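Fold and geometry: a report
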Amino acid sequence: MSSRGSSTQTGQQRPSAWYAAPAVLFFGLFAVVPMLLVVYLSFTDWDGFGFPQPSGAGNWSRLAGDGEARDALVLTLVFMVLSWLVQTPVALLIGVWAAGRQRNRAILSSLFFLPLLLSTAAIALLWRSVLDPNFGVTQSLPFLGQFNFLGDTSIVIYTVIFVITWQYVPFHTLLYQAAARTIPASLYEAATIDGAGRYKQFFQITVPLLRYTIITSTVLMVVGSFTTFDTVLILTGGGPGTTTRIAPLYMYITGFSAFEFGYASAIAVLLLALGAGLSLLVTKATGFRDMNSQQEGA
Amino acid sequence: MTSQRLTRVGVSASTLVLLASVAACGSSGPSGSGGGGGGEGGTGQVWALQDTTLNPIEEASIERFNEQSEAGDFELATFGNDPYKQRLRTAIGSPQAPDLFFNWGGGNLKEYVDAGTVEDLTPLLDENPELRDAFLPSVLAGAELDGKNYGLPMRGMQPVVLFYNKSVLDAAGVEVPETWDDLLAAVDQLKAANVTPIALAGNQAWTELMWAEYLLDRVGGPQVFQNIRDGVEGDWSQPEVLEAMTMLKELIDRGGFGTEFASVGYDVGGASTILAQGDAGFHLMGSWEFVNQLGQSPDFVEAGDLGWAPFPAVTGGEGDPSNLVGNVSNFYSLTADSENKEAAEEFLSTALTDETYIDDLIAAGDVPPVTGVREKLEEAENSEYTTFIYDQTVDAENFQLSWDQDLQADEATEMLEQLSLFFLGEQTPQGFVDALSD
Amino acid sequence: MTVAQTATLPEAPTGATAAPPVRRRRGGSTSGRRERPNWLAGVLATCWLVIVAVPLYYLVAASFRTRQDYLSTSPLKPPTDPTIDNYVTVFEGGFLTYLTNNVIVTVATVAIVVAVTVPAAYAVARNAGPLVQRFFSIMLIGLAIPAQATIIPVYLLITQLRLYDTLLAIILPTAAFALPVALLVMTNSLRDIPKELYEAQTLDGAGPFGVLRNLVLPLAKPAITTISVFTALNAWNGFLFPLVLTQSESTRVLTLGLWDFQGQFGTNVPGLLAAVTLSVVPIFVLYLVGRRYLLSGLTAGFGK
C-alpha cells in the first residue's frame, strides 16, 4: 500500500491512500479473503475435520450433475421473478398514493412502515404462528381456514413470497413515495387541462418519471432475493420436503447439516458469481460508473 | 511531509485503538464459555449437549470429582444441538479439542473413531469388570464398534414410545393397538370420530423417521438396517425396506396422520399440544415426551389421560416386538490426543456410576442405563412411567440407535430429505428405495 | 419522507444513497394536485393496511393471553384476562443478556464502520490516484455480494482465529459486509461538498487531517447518521452470522434468542409472541423518537 504519486502531486494537500488503509484491511480480511477462501474450499472435500486439504474438482463435476442444486437454483430465480411481480405493483401504487398530502395518509403510511421495524427472525416466527394449521389465525377464519399455508406443497411457495412481500413492500413503498413527491405538480395540472384522465396520467407521467426508482427498486429486490435465506429457514426450513429449498438454503444445509463443506462451497461460489453478475447490473443500471468518471477530474 | 506522516500515524493509530477496544468488549462479553484450550494439560475440557435440567447435574458431578480426585480437574462446556456437531468436528484433532466429549454412539461416533481421534476404552473396562457390569449390556453396546468400546453411557435411555390420549381413545372405542392391523383399525375408528388419528410433527423429518425405523425393525429385524449402515451385506434395496415403506405408505394414505402434518412442528403449536388438547389419538415420540407433556400440559398428565405403549408388532414380521429404537443413551468418549488421559479415565470409571449422580438423574425424570436402579425408580416420582421405560430397555432384544445418528452425516441428511418427500406423497416406496440405494 | 428523493432524479440516480435527511419541501409542490380521490389506490392501500395490521394486532394481543386461553379460543380474540406472565417468563429466559449482546454488537459494528469509512471515503472523494479508485471499484462490487455465500469460509476463518462463540465473531464480518454501502453513501456525500470549500481549507494551511477534522466531519454528519442507522439495523437484525458463529447463551443475540425461545417454550405460543414483541420495542422507540433518521438509514441501506 504505497501513497507515492497520489497524494501531493497536484500541489494541493490531498489525503493519501493511507486513509483508505483501515477499510482495505478490514474489508480484505473479512470479506475478500473469505471470497477467495470459498473458491479454494470448493476444491477440497473438507467435512469439518481438521483443516481442509485440496482434493481436485470433484465437487464441481458433482455440482454439474446435481439435479437438486439445479432445482434449488431454478427455485431461487422463480422466487426472484415472482416477488418482483407481486411487490413492484403493490409498492408502486401504495407509494404513489401515500405521496399525497392528506392527513389520514400520513397516519396510515406510518402504519405501513411498521413491518420494517421487525427483524427477519421476528417476522418469520410471527407468521409461523399466524399460519399454524391447528392453532393459527388463518385456521380460525372462515375462508382461509381450509388452507394449510405452510404444509401444502402447492401453495407454500406463494406463502413464502407473501411473507417476504409483507416484509419488504414497506421499504419499496418508501422509495416510491419519496420519488413521487419530487414530480412537479405542474405536469399533472397541464395534463388535466389537456383532458388526460387519472390512469392516463399515471401511465404517461408517473411511471415514466419513476423509472429510475423502478430500476433501483428492482435491482434491490433481485439482490435481496439472496437474503431471503433467513426468512425461509425459519418459516419452512426449506420444506415441506424440498419445496422451498432455495439455493442459499441448500448450501447451508449441505454445509452445516450434512457437513459437506467442500461441496457446499462449490454452491457458494456459484452464488457469488451470480451476485457479482448482479453487482455489475447494479453499477450499470444506476449509471454509477459514468458519474464516477465524470467526477474523477473534479 | 511531516504532516502527512502524522496523519498516517493518526489514522492507523485510531484504527488500532478501535480494534483493540472492540476486541476488549468482545472478549469480556462471552466470558470464553465454549472456547477450548483443553490441550495444555491443565483443566480438562468436557463437552456436552445443552440441557437445562441435566447440565447442572453433570456440572455437580464434575465438581465432586474435582474435589475428590488428585488426578486433575475438569470443566464442562455445553452446546446446542447443531452447533455442537459443527464445533466438535472442527475442534477434534486441533489443539482446541475437548478431553471428554458427548456423543450418541453408533455411526455418529464411528466417524470420529475412523478418523483416529477416539481412545479405545476396552482396556479400561477389562481392568474394571465391575464397571462393565454396572451398565446395561444392550446400552453399553451402543458405543461398541468392531468389538471395541469407545464410550460410556452418561445420560438416560430414550427409547421411542407410542403415546396416546386415553379419553380420545375411549370416546372412539379404541383399544391400545398390539399389532399393526390393530393400529390400522384404530386409525379408521378415530377418523370416524373426527379426530386426527396420529399426531405427527411433520415439518421436521426426524419425527417421521421414528415410524420408518420401527416398521423396518418389525418387518425385517434389526439386521436390515445394520446392513445398510455398514454397507456390506446390502443397502436400501433389500426387499424388507420396500415392504416396510409400502406399509407406511398405506398408513399415510389412509389418513393416519391427517392432512396437515407437513407444517406441524414439534416446537410451536406442535404435535404434543394436539395430543394434549384431545385433537389426536396417538403420538409416536421419544421417551422425553413424558417430561415435556408434564411441563407443557400438566393437567393432561395429572388427569391420567396420557398413556404409553410399545410400538405394535407386525404379524409375521422378523423383528421381535420387544425391539426398541431411539436414543440408546448418550456417551462420553475420550479423545485420543487428550493430555489428561489418566484423570479422564478415572472420571469415567468413577463419576458415571456415582450414587449421587444416578440419584440426581432419576430425580430429573431420566432413566439411567445402570443395572439395578429399578427399586430407585419405583420410589421416585412418576414411577409408573419410568419403570415402564426401564423394563422396556432391559427386556429389549435389540435397541437400535436412531438412523439419523447412526448414519454418517451426509447419508443421514439425504435419508431425512427423501423421507420427508415420501411423507408428502412426492416419493413412492420404490422411489424412496431407488433414491437412497444409488 | 424526503430521504430518497434524489433517487429519482434522472441525472444522478444513485444520489439516493447520499441524500441526507434534509428537511425541505414539506407541503411542497405536489399539494393541491389531487382533485378527486384515487379510489383504486385507496382500496389497495386499505387492503394492505389490514394485511399489515391484523398480524401485528395478533402479535401484541396474544402475547397477553395465557396459553390455555390462547389454545381454547380464537387467536384473534382480545385477551379476556390479560396477563403479563409471558413477559416475565421471557425476562427470566435470558432476554436481558440477549438484549445487552445485541447492543454491544450493534454499537461496536457501527463504531468500526464509521471509523473506517469516513477516512476511506475522504480518500476516494479527494484522491484521484488509481490505487484509491481501484479500491473503490472493488468495494462497489462488494455491494451485491450476498454475505450468505461466504458463510463457510467466514466460519473457518473465525474458528482459526479462535474467535468462535465471541461477540467479536459477529461484529467483524457484519461490519465488513456493511462497508460497501457505507462507503458509497459517504463518498457521494463528500463529493457533494463544493471543492471550493476544500481549497479554502488548504489555502488556510490545513493538512489532509485538518481538512478531515474541520471540514469533512462536520459536513458529513447527516451521512454519518445515515450509515450508522443502516449499519445498526443490519447488525441488530443479523441472523446468519450469529447462527453460525456463536452458540452459547452468554453470546446469544436477540434474533437467535427468539429462535431459541421457540424451542425453550415448546408449545407456549403466547410466550414466544411476547418475546417477539419485546424484541421490537427498542427499534419501535427509536422509530418514535427519530423516524426521519431511521427511514433514511433504511433507504440508504437498500433495505438489505
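Since the structure is predicted, the reported quantities are computational estimates derived from the model, not experimental observations.

Overview of the overall build of chain C
A tally of helices and strands in chain C yields 14 helices and 0 strands. Going from N to C terminus, chain C has its helices and strands arranged as α-α-α-α-α-α-α-α-α-α-α-α-α-α. Scored against the burial criterion, the 304 residues of chain C give a buried share of 59%. Sequence-distant contacts, at least 24 apart, represent 75% of the contacts inside chain C between residues at least 6 apart.

Structural notes on the interface of chain A and chain B
Contact residues are listed per partner, giving 30 residues for chain A and 30 residues for chain B. Breaking the side of chain A that touches chain B down by element, the ones donating at least two residues are α1 (21–41), α5 (120–130) and α11 (247–256) of chain A.

Side note on the environment of E130 of chain B
Secondary-structure assignment places E130 of chain B in helix α6 (residues 129–134). A C-alpha to C-alpha distance of 9.6 Å links E130 of chain B and S349 of chain B, two positions 219 residues apart in sequence.

What about the sheet that holds strand β12 (residues 331–334) of chain B?
Residues and elements named next belong to chain B. The strand order β2-β1-β3-β12-β6 describes an open sheet built from 5 strands, whose pairing is mixed. Each edge of the open sheet carries a strand with a single partner, namely β2 (74–79) and β6 (152–153). Bridge count for strand β1 (residues 44–49) against strand β3 (residues 100–103) is 2 bridges, and the pairing is parallel. If you follow V46 over to β3, its bridge partner there is L100. Lying over the sheet, helix α2 (residues 54–68) contacts β1 and β2, oriented at roughly 165° with respect to β2. Its contacts with the sheet put helix α16 (residues 341–350) on β1, β2, β3, β6 and β12, and the angle it makes with β12 is roughly 160°.

Notes on the packing of helix α3 (residues 67–98) of chain A against helix α6 (residues 156–180) of chain A
Residue and element names in this part refer to chain A. Across the interface, α3 lies against α6 with an axial gap of 7 Å and an inter-helix angle of 40°. Between α3 and α6, the angle falls in the class oblique. Crossing angle aside, the handedness with which α3 passes α6 is right-handed. Between α3 and α6, the residues in contact are F79, L82, S83, V86, Q87, V90, A91, L92, I94, G95, V96 and A98 and I161, I164, T165, Y168, V169, H172, T173, L175, Y176, Q177 and A180, respectively. Across the contact of α3 with α6, the residue classes break down as 16 nonpolar, 7 polar and no charged.

Side note on the confidence of the model for chain B
All names here are of chain B. Summarising the model, chain B shows a mean pLDDT of 87, and 90% of its residues fall at 70 or more. Predicted confidence in chain B is weakest over helix α1 (residues 2–28), with a mean pLDDT of 41, and strongest over helix α12 (residues 239–253), with 97. Throughout residues 1–40 the model reports pLDDT below 50, and contacts reaching past four residues in sequence, or to other chains, amount to 70 contacts.

Quick word on the domain arrangement of chain B
Residue and element names in this part refer to chain B. If you check the domain split of chain B, you get domain 1 (40–157 + 328–371) and domain 2 (158–326 + 401–437). Between domain 1 and domain 2, the C-alpha centre-to-centre distance is 30 Å. Across the contact, 11 residues belong to domain 1 and 9 residues belong to domain 2. A class-by-class count of the residues in the side of domain 1 that touches domain 2 yields 3 nonpolar, 7 polar and 1 charged.

Some thoughts on the pairing of strand β11 (residues 324–327) of chain B
Residues and elements named next belong to chain B. Here strand β7 (residues 158–165) runs beside β11; their pairing, made up of 2 bridges, is antiparallel. Pairing of P159 across the sheet is with G326, part of β11. Inspection of the sheet shows β11 paired to strand β13 (residues 399–401) by 3 bridges, in the parallel sense. Bridged to V325 within β13 is Q400.

Things to note about the domain arrangement of chain C
Residues and elements named next belong to chain C. When its domains are assigned, chain C resolves into domain 1 (39–83) and domain 2 (93–300). Looking at the side of domain 1 that touches domain 2, the elements that each hand over two or more residues are α1 (39–63) and α2 (67–72). At 4 residues, the largest contribution of residues to the side of domain 1 that touches domain 2 is made by α1. Here the residues of the side of domain 1 that touches domain 2 are counted per class, giving 4 nonpolar, 2 polar and 2 charged.

Some remarks on the nonpolar core
With 317 residues, the main nonpolar core has A20, I267 and A268 of chain A together with L179, M186 and V276 of chain C as its most contacted residues. Among the elements that make up this core, the one with the highest residue count is helix α7 (residues 167–191) of chain C (18 residues). Residues within four places of I267 of chain A in sequence aside, it is in contact with L63, A69, A247, Y250, M251 and T254 of chain A.

Section: unusual backbone geometry
The peptide bond linking G239 of chain A to P240 of chain A adopts the cis configuration, its omega dihedral lying at -5°. Along the chain, P240 of chain A turns up in the loop between α10 (229–235) and α11. For F259 of chain A, which is not glycine, the phi dihedral falls at a positive 60°. As for its placement among the helices and strands, F259 of chain A is situated in the loop between α11 and α12 (261–285). Residue F259 of chain A is classed as buried on the basis of its 24 C-beta neighbours within 10 Å. If you check the backbone angles, D165 of chain C has positive phi at about 65° while not being a glycine.

Details of the packing of α7 of chain C against helix α10 (residues 221–237) of chain C
Two quantities define a packed helix pair, namely the angle between the helix axes and the distance between the axes. Residue and element names in this part refer to chain C. Two elements in contact, α7 and α10, have axes whose closest approach is 10 Å; the angle formed by their N-to-C orientations is 160°. The angle between the axes of α7 and α10 places the two elements in the roughly antiparallel class. As for how α7 packs across α10, the hand of that crossing is right-handed. The residues of α10 that touch α7, namely those facing T174, A178, V181, A182, V185, M186 and S189, are A223, T226, I227, F230, T231, N234 and A235. Of the residues that constitute the contact of α7 with α10, the class distribution is 9 nonpolar, 5 polar and no charged.

With respect to helix α21 (residues 409–423) of chain B
All names here are of chain B. Helix length check: α21, at 15 residues, gives a terminal C-alpha distance of 21 Å against a target of 21 Å (1.5 Å per residue), a fit within 8%. Summarising burial for α21: 11 of the 15 residues are buried, a large majority. The set of residues buried in α21 consists of A409, A412, M415, L416, E417, Q418, L419, S420, L421, F422 and F423. Of the surrounding secondary structure, the elements contacted by the buried residues of α21 are α10 (205–220), α12, α20 (403–406) and α22 (429–437). One or two positions beyond α21, positive phi appears at G425, with a value near 85°.

Reading the values: the criteria
Residues numbered from 1 in each chain as written. Chains lettered and ligands numbered in written order. Predicted model: local features only at pLDDT ≥ 70, side-chain atom pairs only at ≥ 80, totals over all residues. Helix = DSSP H or I, 4+ residues; strand = E, 2+ residues; numbered from the N terminus. Buried ≥ 20, exposed ≤ 12 C-beta atoms within 10 Å, placed from the backbone. Contact = placed C-beta atoms within 7 Å. Pairing = 2+ DSSP bridges. Axes fitted to C-alpha atoms, helices over the stretch in contact; angles between N-to-C directions. Parallel < 35°, antiparallel > 145°, perpendicular 65-115°, else oblique. Left-handed = near helix turned anticlockwise from the far one by under 90°. Nonpolar A, V, L, I, M, F, W, Y, C, P; charged D, E, K, R; others polar. pLDDT = per-residue confidence, 0-100. Domains from an automatic or database assignment. Core = buried A, V, L, I, M, F, W, Y, C linked by C-beta atoms within 7 Å. Expected span 1.5 Å × (residues − 1).

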